[in-house]
Amino acid sequence: MAKRVLLGKEGSNYVLKVSKPSVDVIDDTINDRDYLFNSEMYRAGVIRSNSTYTSMSTSGVDLPTTSDSSGNAYIPAFIISEKGAFYPQARFDEQYGSGGGSGGNIRGRFVNCLNTSAGGGLFQFSLNSSGTTKNKVIPYFVDIDGMTDPRPGQGDGTYPFLAARSRASTDGNVKIQILGIPCQFGKMTNNATLFGNSVLTGTNSGEGGSSGGGTASAPTISGTSRTARNNTNDTVAVSASSGSGNSGTITYAQGSSNSASGLSFQSSNSFSHPRGTTRYYFAKQSNLVSTTAGTNHVHASAAVDLDPSGFGDLVATAASGSAGTATYQIAGLGTGDTASVSASGNGSVSASSGQNGTVITFSLNATGSAGNTTSCNITVGTQTQTFTVTTSDSITFNPSDFTNATEQEPSATVTSNAITVGGIPGGAVSVTTSGCTVNIAGSGNFVSSGTVSNNQTVQIRSTASSSFGATTTPSVTIDGNVINQSVSTRTQTTASAPTSITATQSTNTNSSTQTVTCSASGGSGTLQFSNDNSNWGTGTTFSQTRNTTVTYYARRTAEAGASSSISVAEFVPPLYDIGNFADISNVSAGSTSISNSAPSVLSTNLFLFSQSGYGTSSLSASATTNPGSMLSSVAINSSTGAVTANVGTNTGSARTAVITVSGTTSQGGTPTSDTFNVAQVAAASNLWEVGITMGGGNTGSGYSGFFAFHGSTTDTSCDLFTGTPAWRFYDVPQSNTNTLFWVSGVFSNTGWTTLKIYNGTNASGTLLNTIARTSCTHSNPFFTGSTQWELPSDVTSTSGNRYLVFS
């Protein structure tokens, strides 16, 4: 009889296991699906939800799935409380209808619900959800109207007279608790996914063996592969695919036998596999373990092989005190194996370990006189060999090697530096060459062979490779000692196109042709230019006919050929002519304005007339010579070419300003320009000047201050009258704050506008006042032909002479 219950210690765990009928619970080879209960996989019920909802819509709320993180399903047990009541028991009656033929009312009685405005006490599970959340709870209430006539097609036709209700926060909280009860067996179909994703627990639904008819299967291991290796372990990755009808998470385990019993499974598919061993790998999904049949789950790791092949004794020759070297490329080790490398005594190695293909250089200094041998043991992996270095003749070289020549032109002749030879034990020793000729003792002759003695020099000459980026190694051998020189040619230059090009008109000297200069930047190689994309050269200037557009091209050339070209178009405009403006003469001394019309040549080629396609142009005029700011507001009319300006009043001698007319254009050079003169006459002379002497005249006639019937005139060409004037210049006692002057004569001059009064006998005295004619009071006194003026201020209140200047 099969033992079916195990309660106690199994391995390191305390377990409770119950097997199916006829299945021995202590048989380590049975499958997990042959257990009715296995506490290693399923222990106690788990709280899946403990949520409180303050409100619900008529679509309800989604609750968490009752599957755990590994996809194991649980039977859910729900406890729902509304307004704190787990099982609300309430009763109320409702009457409706006419009561039939008796005329009484029909009464309905309801229990197990809450008396809330939203109904209460009723909840319905729904499948109206998606994904892994399959638990939906919707609040419902009894639709009393639907029970008026419960027959099909009567009333409102609803059955079972339930309708979704909504709950506001004022209706009280709803608390939903879900307990997940573990289940070893059982299956939910696609139409029964109410409580989460159904995870099948086996392919058998009957007792024991494989006689059941379930549809889930274990994952399948498709193979194992080594992803890394060292001398201790391989790293092995397991590949597995999901079983049929099995959506659980796949986990992996490694064991030393073809049994998964008692193994610890992990989420990672990568394992450390000891070298030289065989391991078995398993995949588990929803507690279904992959089959142990076949070889896909078996992986054997080869043992470490550190026995190299082709490794024997090594020899080298070196001058005494110098290192002799020899190399060995490791071969014959196991794939991915790393062998240690060492040298005994004074020997040294280039690396302490290596794998197949690693080149190891062994070094050991030569000692003693020529022919002496020095040895050390060299070891690679499991093999040890001998490295022997023989001391060569003690010839020395200064410097010890020729200087390498780099970046040489192909086929260039290369002459090395000179090396001085010393330490030759006897007389001369032989010199031979390879790929070069040699100059011995500075003779200047380069020969193929010869002899050299102590303290003589050797120098070699060779021809560099004819190819770009190539290296040759010419050498000389002196008594068995090889001295090399590395000669490398430069890398071939590959042309790349320039990135920009400009073409600019650089002269403006005649009316037929002009010079255009090109430049370009970017790219690599030698720059070339063309004005037809056919004939190329390194020249940058081209002759171009006026009033034409030419496209210019740029490219670069090198050993690797020519690059593609870029281009730019340049227009050379016709030669513009400003024309010849006439000078303007005899401009009056007063303020005025001038206008100088453009010459007749403007009608054909005046610069300011833009021509279609020739770019934009502009014209300007300015006073380039302007004495005393004679001119202002100098301008030129862009349509007519007329120059205008304002001329200021001239208070001095004659003066001349110069106006320059010039222009600019967006294409081509600067157009011609023109200048013309504007001449202004000298300022007008003073109308007259009069000197008044203190006193004189008839002072007893009731007048005071200055008085002169006959004042002196200092400028006889500007007399007030034709004839001798008679003057009085005085204060009136009755109006002693003002000064009068009275002029008598045949003709009274009224042409003056300004009077300046100086203290003294000439205009170098102190200026007392400047008086405008319009500020003076004018009258005609009793003398016929006389004029009298009263000044607005008193300039005779102090003694002294007065000098008057009229203008």
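Below is a summary of the structure that appears in this document. Predicted model, so just to flag it, every value in this text is computed and none were measured.

**What about the pairing of strand β31 (residues 419–422)?**
Where strand β28 (residues 396–398) lies against β31, three bridges are found, and the strand directions are antiparallel. Paired with Thr 396 across the strands is Gly 422, a residue of β31. Summarising the sheet, β31 and strand β36 (residues 457–463) pair through two bridges and their orientation is antiparallel. Note on β36: the bridge partner recorded for Thr 420 is Thr 457.

**Structural notes on the nonpolar core**
In terms of nonpolar packing, the biggest core is built from 19 residues, with Ile 330, Phe 362, Ile 378, Val 380, Phe 387 and Val 389 touching the most fellow members. Contributing elements (two or more residues each) for this core: β20 (314–318), β21 (323–329), β22 (339–343), β25 (359–365), β26 (373–380) and β27 (383–391). In this structure Val 389 touches Ala 316, Ala 318, Gly 324, Leu 364, Ala 366, Asn 372, Thr 373 and Thr 374, once residues within four positions along its chain are discounted. If you look at the next biggest cluster of nonpolar residues, it comprises 18 residues, including Phe 581, Leu 619, Ala 621 and Met 630.

**Comments concerning the sheet that holds strand β41 (residues 500–505)**
Strand order in the open sheet made by the three strands is β41-β42-β44, with antiparallel pairing throughout. Only two strands of the sheet have a single partner each, and these edge strands are β41 and β44 (541–545). Shown here is a sheet whose adjacent strand axes are inclined to one another by a mean of 30°, direction ignored. Here six bridges tie β41 to strand β42 (residues 513–521), and the two strands are oriented antiparallel to one another. Among the inter-strand pairings, Ala 503 is bridged to a residue of β42, identified as Cys 518.

**With respect to unusual backbone geometry**
Of the consecutive residues Asn 398 and Pro 399, the connecting peptide bond is found in the cis state with omega at -5°. Here Pro 399 is to be found in the loop between β28 and β29 (405–408). For Asn 547, which is not glycine, the phi dihedral falls at a positive 65°. Phi is positive for Ser 633, which is not a glycine, with a value near 55°.

**Some remarks on the sheet that holds strand β37 (residues 471–472)**
Strand order in this open sheet of three strands is β29-β40-β37, and the pairing throughout is mixed. Edge positions in the open sheet fall to β29 and β37, since each of these has one partner strand only. Pairing analysis gives two bridges linking β29 to strand β40 (residues 487–489), with the strands arranged parallel. Across the sheet, the residue bridging to Ala 405 is Val 487, located in β40.

**Some remarks on the environment of Thr 52**
Position of Thr 52 relative to the elements: it lies in strand β4 (residues 46–53). Here the alpha-carbon distance between Thr 52 and Gln 177, two residues 125 residues apart in the chain, equals 8.8 Å. Not counting residues within four places of it along the chain, the set of residues in contact with Thr 52 comprises Asn 173, Val 174 and Lys 175.

**A word on the pattern of salt bridges**
Under the criterion given, the structure shown has six salt bridges. Arg 167 is the partner of Glu 82 in a salt bridge, and the nearest nitrogen-oxygen pair spans 2.6 Å. You can see Glu 82 sitting in strand β6 (residues 74–82) and its partner Arg 167 sitting in the loop between β11 (162–164) and β12 (174–182), a full 85 residues away along the chain. Given the relative accessible area of 2%, Glu 82 is considered buried. Residue Arg 167 is classed as buried on the basis of its relative accessible area of 4%. Two residues, Asp 234 and Arg 229, come together in a salt bridge whose shortest N-O distance is 2.7 Å. This pair shows no difference in class: Asp 234 is buried, exactly as Arg 229 is.

Quick notes on the rules
Residues numbered from 1 in each chain as written. Predicted model: local features only at pLDDT ≥ 70, side-chain atom pairs only at ≥ 80, totals over all residues. Heavy atoms only, no water. Pairing = 2+ DSSP bridges. Helix = DSSP H or I, 4+ residues; strand = E, 2+ residues; numbered from the N terminus. Core = buried A, V, L, I, M, F, W, Y, C linked by side-chain atoms within 4.5 Å. Buried < 20%, exposed > 50% of the residue type's maximum accessible area, 1.4 Å probe, protein only. Contact = heavy atoms within 4.5 Å. Axes fitted to C-alpha atoms, helices over the stretch in contact; angles between N-to-C directions. Salt bridge = Lys/Arg side-chain N within 4 Å of Asp/Glu carboxyl O.

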